[in-house]
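Tertiary structure, described
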Amino acid sequence: MSDHGWSEGQGEVRGGELFLRSTRVITPEGTRAASVAVAEGKITDVLPYDAEVPPGARLEDFGDDVLLPGLVDTHVHVNDPGRTEWEGFWTATRAAAAGGITTLIDMPLNSLPPTTTVDHLRTKKDVARSKAHIDVGFWGGALPDNVKDLRPLHDAGVFGFKAFLSPSGVDEFPELDQEQLARSLAEIAGFDGLLIVHAEDPHQLAAAPQKSGGTYADFLASRPRDAENTAIAQLIAQVGRLHARVHVLHLSSSDALPLIATAKREGVRLTVETCPHYLTLTAEEVPDGASEFKCCPPIREAANQDALWQGLIDGTIDCIVSDHSPSTADLKTADFATAWGGISSLQLGLSAIWTEARSRGRSLEDVVRWMSARPAELAGLCQKGAIEAGRDADFAVLAPEETFTVDPAALHHRNRVTAYAGRTLHGVVKSTWLRGERIVADGEFGEPAGRLLERNS
């Protein structure tokens, strides 16, 4: 494969034009046979399948494989710099590209320094710039003592600000109490920014039974649904009072869905995400001691999962993103109380969700809406998330009927620990394209071609 993403010896494309053809192209109007015209990294037109290829243009015909817009993952912990033994921009973006993701937004914590000042943002950009295989943006962080830094970070192009309402797990990123939350929200609302929130109530967590050991049921009891429900209720009250914009991260408690639905109907500026692990894994199947399944909030019971799917279908939940939160293997001990909490799924999220969605009678169009269009909308990425004229020419080519068995050795993120090991999944990503360039095909990568994005870019 050449640097241009097509085979050597086939000649350059005159005028930079490229035609991508498939019998199944997922567009905002539905799935149809089409040819997608690309020039200078942009989609210039979506044409009939048998449209004439202009003289000198390069044709890529994918047959019956599905051409879908590149996925947008707005919840990724890259951990670079500072904890690069956990993950890094080179490995994370390769894993993302292999999984059909063409844009990610990096979380502000688990890197050292955290992205809580403009200087720290600059440090992170300097590290990411030469390593990104896909496009990368950045969230800022809202801490008890950095309200003064929020507007400068906003002006520097972060996509919004992450806050915790309970301990984050790392000392350098403390949580906000309700008074601190109100101050940060008021500041962010003043420039119509977005606050994204890890919503678990610390008092509910402190009151829950805490047991060490390898029994998953004990860990699940230590992170009760009421912790999420209470935190979300408090958050909705604050948002309504301040007319702010807030996004609830990684919803796992289906009990909160009626509260969220009511808030949305009443005009509260609230969006909500959930994650592949909550939609495809269940508490009943987690083996004792298997802390590769540990995350916070936790994977809950099958009935809870069914309700989350219904929340997606009816629009109460807006999108699906990975919350890719890796660590070194030694931190995934058999004691659920002390093991690092996080599930790595950048490379597997599309296939995991498609496997479950198809079993529930949902379409790939649904999956694209949840994993591409809506995350792009959340982040204000108007150039991403759809196959239509004027958007970036970012694509994934998927063979949805093909299956594979998850082999940790085949994963591209740095530490190949996965809760999906041994699972057979539907949907093989054949290639991924960024601004009209093929960046990975059949496991072969080009050189890093990603750009660093800023809000409204």
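Note: the structure precedes this text.
As a starting point, this report considers the structure included with it.

Calculation criteria
Residues numbered from 1 in each chain as written. Predicted model: local features only at pLDDT ≥ 70, side-chain atom pairs only at ≥ 80, totals over all residues. Heavy atoms only, no water. Helix = DSSP H or I, 4+ residues; strand = E, 2+ residues; numbered from the N terminus. Buried < 20%, exposed > 50% of the residue type's maximum accessible area, 1.4 Å probe, protein only. Contact = heavy atoms within 4.5 Å. Areas by Shrake-Rupley, 256 points an atom, 1.4 Å probe, with all protein chains shown as cover. Lys, Arg positive; Asp, Glu negative; His and termini not counted. Charge placed at Lys NZ, Arg CZ, Asp CG, Glu CD. Salt bridge = Lys/Arg side-chain N within 4 Å of Asp/Glu carboxyl O.

**A short note on the overall build of the protein chain**
When helices and strands are counted, the protein chain shows twelve helices and 18 strands. Taking all 457 residues of the protein chain together, the buried fraction comes to 59%. Considering only contacts in the protein chain between residues 6 or more positions apart, those separated by 24 or more positions represent 75%. Of the roughly 16500 Å² of accessible surface on the protein chain, a fraction of 48% belongs to carbon and sulfur atoms. In the protein chain, the 43 positive side-chain charges and the 65 negative ones have mean positions that sit 2 Å from each other.

**With respect to the pattern of salt bridges**
Applying the stated criterion across every chain, the model contains 32 salt bridges. When the shortest N-O distance is used, the salt bridge between Arg 129 and Asp 126 registers 3.1 Å. Among the ionic pairs, Asp 392 bridges to Lys 384, the shortest N-O distance being 2.8 Å. You'll find Asp 392 and Lys 384 in the same group, each marked buried. Here the residues in one salt-bridge network are Lys 42, Asp 135, Lys 384, Asp 392, Asp 394 and Arg 435, joined through shared partners.

**Points about helix 11 (residues 349–359)**
The buried fraction of helix 11 amounts to nine of the eleven residues, a majority that puts the element mostly inside the structure. Within helix 11 the residues assigned to the buried category are Gly 349, Leu 350, Ser 351, Ala 352, Ile 353, Trp 354, Thr 355, Glu 356 and Ala 357. Positive phi shows up at Gly 361, right after helix 11, with a value of about 80°.

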